[in-house]
Amino acid sequence: MTAPPLTFVVVGGSFAGVVAVRELLSRPTPLKVVLVTSSVKAYNNAAAARLLVRPELTPQTLVDLNLLRKRQGAHQFEIVEAMVTSVNVDANHVVVSDGHRIDYDYLIIASGTRYQMAAFKPFGAVSAVKDSVTTTAANIKKADTICVVGGGPTGLEVVGEIGSAYPGKKLTLVVGQRGPVPRFGAGVVKTVYDKLSRYNVTVVEDYATVSGNTVEYLGESHHFDLVIPTCTHVANTGFLPPDYVNDHGYVDADRHFRVNGTDNVFAFGDCVEFTTKTAIDINGRQHQVLKQTLSRQAFGDDVPLKEYREGAISFAVPIGPGGGVGYAFGWRLPSFMVWAMKARDFTIGRSEKILS
């Protein structure tokens, strides 16, 4: 009698979850792969900044996860459109929002993180993305004074897009006391300031407290027509028992993406605190670590484990549609390369390729 195939449950239908499903469906031995996702449509959130000034492009960033079936081959592949509400690590099953129980041999947690604004990273129904983009785009259009809070890549992209699309608006960017993208180095930071000056952006090097449309920094309160927070994200791990998350709510995993205290549960992507939270890293370095770990732990292949290390930085950060700043594997990118990689269309035209 033929033994049933191993069952893998993947939690999360965004960048990391898609990478995990692709990896499993590439295995030569037939498996049962169940993807549990809050929406059958995946969102290419790398495009968020462009959508805030071009909301009509939003449908092009939503990808039907059923397109993954083209990779199915001899495997069994199922998509469950639901939220995971709990995990029983001892009994090897998850429970989803309709009460249905899904048993697994191996579990991969790729549930990601969420931002305060669903336009950047949603939580739950994908309709929240459309609503957030539409509402924020309309508010940007009618606002005279706008404050973007956050000096990371998202904040820079957002203020650049608004400054380019609406040159008459008064823009403030609060970047924290270390300045914008400090790990990029002084040369890149100088370039950032030069590019921001073209859009007459007032840059504030201080931490901010946001309350509605009021932002407190430099010891004073400042009111704006619109405030866009880009710096606060929360791990989507509320379904996990507290023993399996750390004090900040991220999955407690080792550098091989094995969840501590288990032998058949793995986690990778943004829901793991120490990872570099970019699609480039998930598709590259993180994928290779997960692949080796699954090969050894789940399939018994005689391969060494890889250890995740952050390594050389790789970012492309547009500041307006003409270019920006960035690095590729530790090498600084010229502005035209940032344009070619991201600024020209914010990967919107590549959404299906990225997420299916």
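Residues numbered from 1 in each chain as written. Predicted model: local features only at pLDDT ≥ 70, side-chain atom pairs only at ≥ 80, totals over all residues. Heavy atoms only, no water.

By size, the foremost hydrophobic cluster in this structure holds 44 residues, and its most contacted members are Ile146, Phe184 and Ile228. Looking at this core, the element that brings in the most residues is helix H4 (residues 153–165), giving 4 residues. Excluding its chain neighbours within four sequence positions, the residues that come into contact with Ile228 are Met117, Phe120, Thr136, Ile140, Ile146, Cys147, Val148, Val149, Val158 and Ile162. Counting residues in hydrophobic clusters, the runner-up holds 33 residues, among them Phe266, Phe268, Val289 and Leu294. (Core = buried A, V, L, I, M, F, W, Y, C linked by side-chain atoms within 4.5 Å. Buried < 20%, exposed > 50% of the residue type's maximum accessible area, 1.4 Å probe, protein only. Helix = DSSP H or I, 4+ residues; strand = E, 2+ residues; numbered from the N terminus. Contact = heavy atoms within 4.5 Å.)

Let us now look at helix H3 (residues 127–142). End to end, H3 covers 23 Å across 16 residues, agreeing with the expected 22 Å (1.5 Å per residue, within 8%). In this fold, the buried residues of H3 make contact with strand E3 (41–43), helix H2 (48–51), strand E11 (145–149), H4 and strand E17 (226–229). (Expected span 1.5 Å × (residues − 1).)

This part takes up the pattern of salt bridges. Scanning the model with the defined rule gives 11 salt bridges in all. When the shortest N-O distance is used, the salt bridge between Arg50 and Glu161 registers 2.5 Å. Of the two residues, Arg50 is situated in helix H2 and Glu161 in helix H4; the sequence distance between them amounts to 111 residues. Assigned by exposure class, Arg50 and Glu161 land together as buried. For Arg350, the salt bridge goes to Asp345, with nearest N and O atoms at 3.2 Å. With relative accessibility at 22%, the residue Asp345 sits in the partly exposed group. (Salt bridge = Lys/Arg side-chain N within 4 Å of Asp/Glu carboxyl O.)

What follows concerns the packing of aromatic side chains. One pass over the structure, following the stated rule, counts 8 aromatic pairs. When the ring of Tyr106 is compared with that of Phe266, the centres are 6.2 Å apart and the planes differ by 20 degrees; the resulting orientation is stacked. Here the residue Tyr106 occupies a position in strand E9 (residues 106–109), and Phe266 occupies one in strand E19 (residues 265–267), the gap between them amounting to 160 residues. Accessibility expressed as a relative area gives 13% for Tyr106, which makes it buried. Overall, Phe266 belongs to the buried group, its relative accessible area being 1%. The ring of Phe123 is capped by Arg114, whose NZ or CZ atom sits 4.3 Å from the centre of that ring. The aromatic ring of Tyr166 is capped on one face by Lys169, whose charged end is 5.0 Å from the ring centroid. (Phe/Tyr/Trp six-rings, centres within 6.5 Å; stacked < 30°, edge-to-face > 60°. Lys NZ or Arg CZ within 6 Å of the ring centre and 35° of its normal.)

Two orientations exist for strands paired in a sheet by backbone hydrogen bonds: parallel and antiparallel. Pairing is parallel across the open sheet formed by 4 strands, whose spatial order is E13-E12-E11-E17. The sheet is open, and its two edges are formed by strand E13 (201–204) and E17, each paired on a single side. When the angles between neighbouring strand axes are averaged without regard to direction, this sheet yields 20 degrees. Of the pairings in the sheet, the one linking strand E12 (residues 170–174) to E13 comprises 4 bridges and is parallel in character. For Leu173, the partnering residue across the bridge sits in E13 and is Val203. (Pairing = 2+ DSSP bridges. Axes fitted to C-alpha atoms, helices over the stretch in contact; angles between N-to-C directions.)

Moving on to the UniProt feature "domain: FAD/NAD(P)-binding" (unreviewed entry) in the chain. UniProt tags residues 8–274 as "domain: FAD/NAD(P)-binding" (unreviewed entry). Split by type, residues 8–274 is 21% helix and 28% strand. Its first and last C-alpha atoms lie 24 Å apart. (UniProt positions renumbered as here; feature names shortened; annotations may be inferred.)

Moving on: the environment of Pro304. With respect to the element layout, Pro304 can be found in the loop between helix H6 (279–297) and strand E20 (315–318). Separated by 12 residues in the primary sequence, Pro304 and Gln292 place their C-alpha atoms 7.0 Å from one another.

Before going further, it helps to examine the packing of helix H1 (residues 15–25) against H6. Axis separation between H1 and H6 bottoms out at 10 Å; the angle between their running directions is 40 degrees. In terms of axis orientation, H1 runs oblique to H6. Along this stretch, H1 crosses H6, giving a crossing that reads as right-handed. Along the contact surface, H1 presents Phe15, Ala16, Val19, Ala20, Arg22, Glu23 and Leu24, while H6 presents Ala279, Ile282, Asn283, His287, Leu290, Lys291 and Leu294. In terms of residue class, the contact of H1 with H6 is built from 9 nonpolar, 2 polar and 3 charged. (Parallel < 35°, antiparallel > 145°, perpendicular 65-115°, else oblique. Left-handed = near helix turned anticlockwise from the far one by under 90°. Nonpolar A, V, L, I, M, F, W, Y, C, P; charged D, E, K, R; others polar.)

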